[in-house]
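Coordinates in review
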Amino acid sequence: MFITDRLEAIQYDGTNGEHIATEFLSNTTVASDDGQILRLVDGTNDPEIALDNWVIRRALGGGLYMYLGTYPDADFKARYAPLP
């Protein structure tokens, strides 16, 4: 039997930086977003997300989400499989 935490992903398309910062992740704000690189401030990692990269989160409960990492499209598809 295989089990895993529920993970969720969203792809940065150059226009959804504010959505990623304020709705997809919690406790992050946009430092800058030029449509090619999204720079976030979270007080710990301060992630930078390149265009077309995928952002992975894990739910912590209570409407909070933890940033887990960012992957280029090919790496994301090789590592993760979407579930219905």
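Everything that follows concerns the structure shown earlier in this document.
**Here we look at the packing of aromatic side chains**
Overall, the coordinates contain three aromatic pairs when judged by the stated rule. Ring centres of W54 and F76 lie 4.3 Å apart, and the angle between their planes is 10°; this geometry places the pair in the stacked category. Taken together, the residues span a long stretch of sequence, with W54 in strand 5 (residues 54–61) and F76 in helix 2 (residues 73–79) at a distance of 22 residues. Considered together, W54 and F76 belong to a single accessibility category, that of buried residues. Each ring, one from F76 and one from Y80, has its centre 5.5 Å from the other, and the planes form 35°; the classification is tilted. Members of the aromatic cluster, joined through ring pairs, are W54, Y71, F76 and Y80. The positively charged end of R57 is found above the aromatic ring belonging to F24, 4.2 Å away from the centroid. The ring of Y65 carries R57 above its face, with NZ or CZ at 3.5 Å from the centroid.

What counts, and where the lines are drawn
- Residues numbered from 1 in each chain as written.
- Predicted model: local features only at pLDDT ≥ 70, side-chain atom pairs only at ≥ 80, totals over all residues.
- Heavy atoms only, no water.
- Phe/Tyr/Trp six-rings, centres within 6.5 Å; stacked < 30°, edge-to-face > 60°.
- Helix = DSSP H or I, 4+ residues; strand = E, 2+ residues; numbered from the N terminus.
- Buried < 20%, exposed > 50% of the residue type's maximum accessible area, 1.4 Å probe, protein only.
- Lys NZ or Arg CZ within 6 Å of the ring centre and 35° of its normal.

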